[in-house]
Amino acid sequence: MKVLLVGAGAIGQVVGHQLSVGGAQVSVLLRADGQVPAGPYQLHRLRSGRGPVTETWLPQESIRGLDALPDARWDVVLLCVSSVALRLGWLPDLARRVGAATIVSIGQDPGDLALLQGVWPGTQIVQVTPGLLAYHAPMSNRDRVRSGIAYWLPSGPSLQLSGEAERVNSLITALSSGPFSVTKAAVGSGEMRAATTQPYIAMLGTLDWSVPKLRQQLALPALAAREATTVIAAMYGMAPPGRLSTSAPLARVALRVLPLLAPLDLPGYLHLHFGKLSDQTDQMIDGWIAEGRARSLPVAGLEALRVRTRAGNGRR
């Protein structure tokens, strides 16, 4: 399997390395300006109660810029970039160069699938919902990992894949070597997970990333999450999740328990990771609002949350 990894960020490096472990030949498409190094990359898998497992990964090839990309030689193109970056106008140029390759996207924005389907046939697209956490180390002076990419695989699926069965099955086979747990999922499941969790993360960002403050102000993100999941259910013809899954009491418990289980500074990770992706979070909220209005669904909580994120953006 010949794989082109577009975006050598934290998650991209982890997934690219995992594919290499499974026998794929993984090349990396980097920005032409040379700001991202070409490798080798060092990765550290964090484990609760034990030291990290460290491995080094050197991609098959590092390609600087779309103009240097060879045409029609890829089996899989893995888009490990933000939903905002997907909208910068370069996808049609990429499509002309990659032929019938399976297009894999980690985006969970409500408009991502339609955007990709405007460039590639829907049967060519596989969506991935990551269940792993990855970041550029060190995150702080307390971090045991001093360089490279640190990542943690919580219990449950490391990756969930949805799309055309043959393409999904091929990727599951390629990704299932090593510690990853990879499963199939229904189309829209990634968007549903984002709708369940991202309103809480958006609210956390408006509170200077203070988890104690968030625990005291859960009513608004709980309402916004309930509205967002209702929108996604309507978009994909799914049953909306139970009310408990987006409730403030469940979020309060999760905010107390998860930091104790994670072998990393979880609040610090949320600040580091989602602080950089605030424009993507805002784009998601705008998408839920637009889709909800188009379907005459309630979006008052989402609108109130968006007012708060705009004010936060102004402070930044």
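The present account deals with the structure reproduced in this document. If you're wondering where the values come from, they're calculated on a predicted model, not measured in any experiment.

**What about the overall build of the chain?**
In step 1: Secondary structure summary: the chain contains eleven helices and twelve strands in total.
In step 2: Against the compact-globule benchmark of 20 Å for 316 residues, the chain has a radius of gyration of 19 Å, which places it among compact chains.
In step 3: Once the C-alpha set of the chain is aligned to its principal axes, its extents read approximately 50 × 45 × 35 Å.
In step 4: The 316 residues of the chain split such that 51% are buried.
In step 5: Of the contacts made within the chain by residues no fewer than 6 positions apart, 69% connect residues no fewer than 24 positions apart.
In step 6: When the accessible area of the chain is evaluated, it comes to approximately 13800 Å², of which 55% is carbon and sulfur surface.
In step 7: Once the 30 positive and 21 negative side-chain charges of the chain are each reduced to a mean point, those two points are 9 Å apart.

**Some details on helix α9 (residues 266–276)**
An α-helix turns once every 3.6 residues. As a result, residues three or four positions apart point the same way.
In step 1: Every buried residue of α9 is accounted for by L266, G268, Y269, L270, H273 and F274.
In step 2: At the N-terminal boundary of α9, the capping side chain belongs to D265, with an oxygen 3.1 Å from the backbone nitrogen of G268.

**Some remarks on a nonpolar patch on the surface**
In step 1: A contiguous nonpolar surface patch, about 330 Å² in accessible area, is contributed by V253, V257, L258 and L261.
In step 2: Summarising the element assignment, V257 is placed in helix α8 (residues 248–261).
In step 3: A relative accessible area of 38% places V257 in the partly exposed class.

**Describing the packing of helix α5 (residues 189–206) against helix α7 (residues 219–236)**
In step 1: At a minimum axis separation of 8 Å, α5 and α7 run at an interaxial angle of 155°. Judged by the angle between their axes, α5 and α7 are roughly antiparallel. For the pair α5 and α7, the crossing hand works out as right-handed. Between α5 and α7, the residues in contact are E191, M192, A195, T196, P199, Y200 and M203 and L220, P221, A222, A224, A225, A228, T229, I232, A233 and Y236, respectively.
In step 2: Each residue belonging to the contact of α5 with α7 can be placed in one class, and the counts come to 14 nonpolar, two polar and one charged.

Reading guide: rules and limits
- Residues numbered from 1 in each chain as written.
- Predicted model: local features only at pLDDT ≥ 70, side-chain atom pairs only at ≥ 80, totals over all residues.
- Heavy atoms only, no water.
- Helix = DSSP H or I, 4+ residues; strand = E, 2+ residues; numbered from the N terminus.
- Rg over C-alpha atoms; globule rule 2.2 N^0.38 Å.
- Buried < 20%, exposed > 50% of the residue type's maximum accessible area, 1.4 Å probe, protein only.
- Contact = heavy atoms within 4.5 Å.
- Areas by Shrake-Rupley, 256 points an atom, 1.4 Å probe, with all protein chains shown as cover.
- Lys, Arg positive; Asp, Glu negative; His and termini not counted.
- Charge placed at Lys NZ, Arg CZ, Asp CG, Glu CD.
- Polar contact = N/O pair within 3.5 Å; in protein donor to acceptor, adjacent residues only side chain to side chain.
- Patch = residues over 30% accessible without salt bridge, like charges linked within 9 Å, V, L, I, M, F, W, Y side chains within 5 Å.
- Salt bridge = Lys/Arg side-chain N within 4 Å of Asp/Glu carboxyl O.
- Axes fitted to C-alpha atoms, helices over the stretch in contact; angles between N-to-C directions.
- Parallel < 35°, antiparallel > 145°, perpendicular 65-115°, else oblique.
- Left-handed = near helix turned anticlockwise from the far one by under 90°.
- Nonpolar A, V, L, I, M, F, W, Y, C, P; charged D, E, K, R; others polar.

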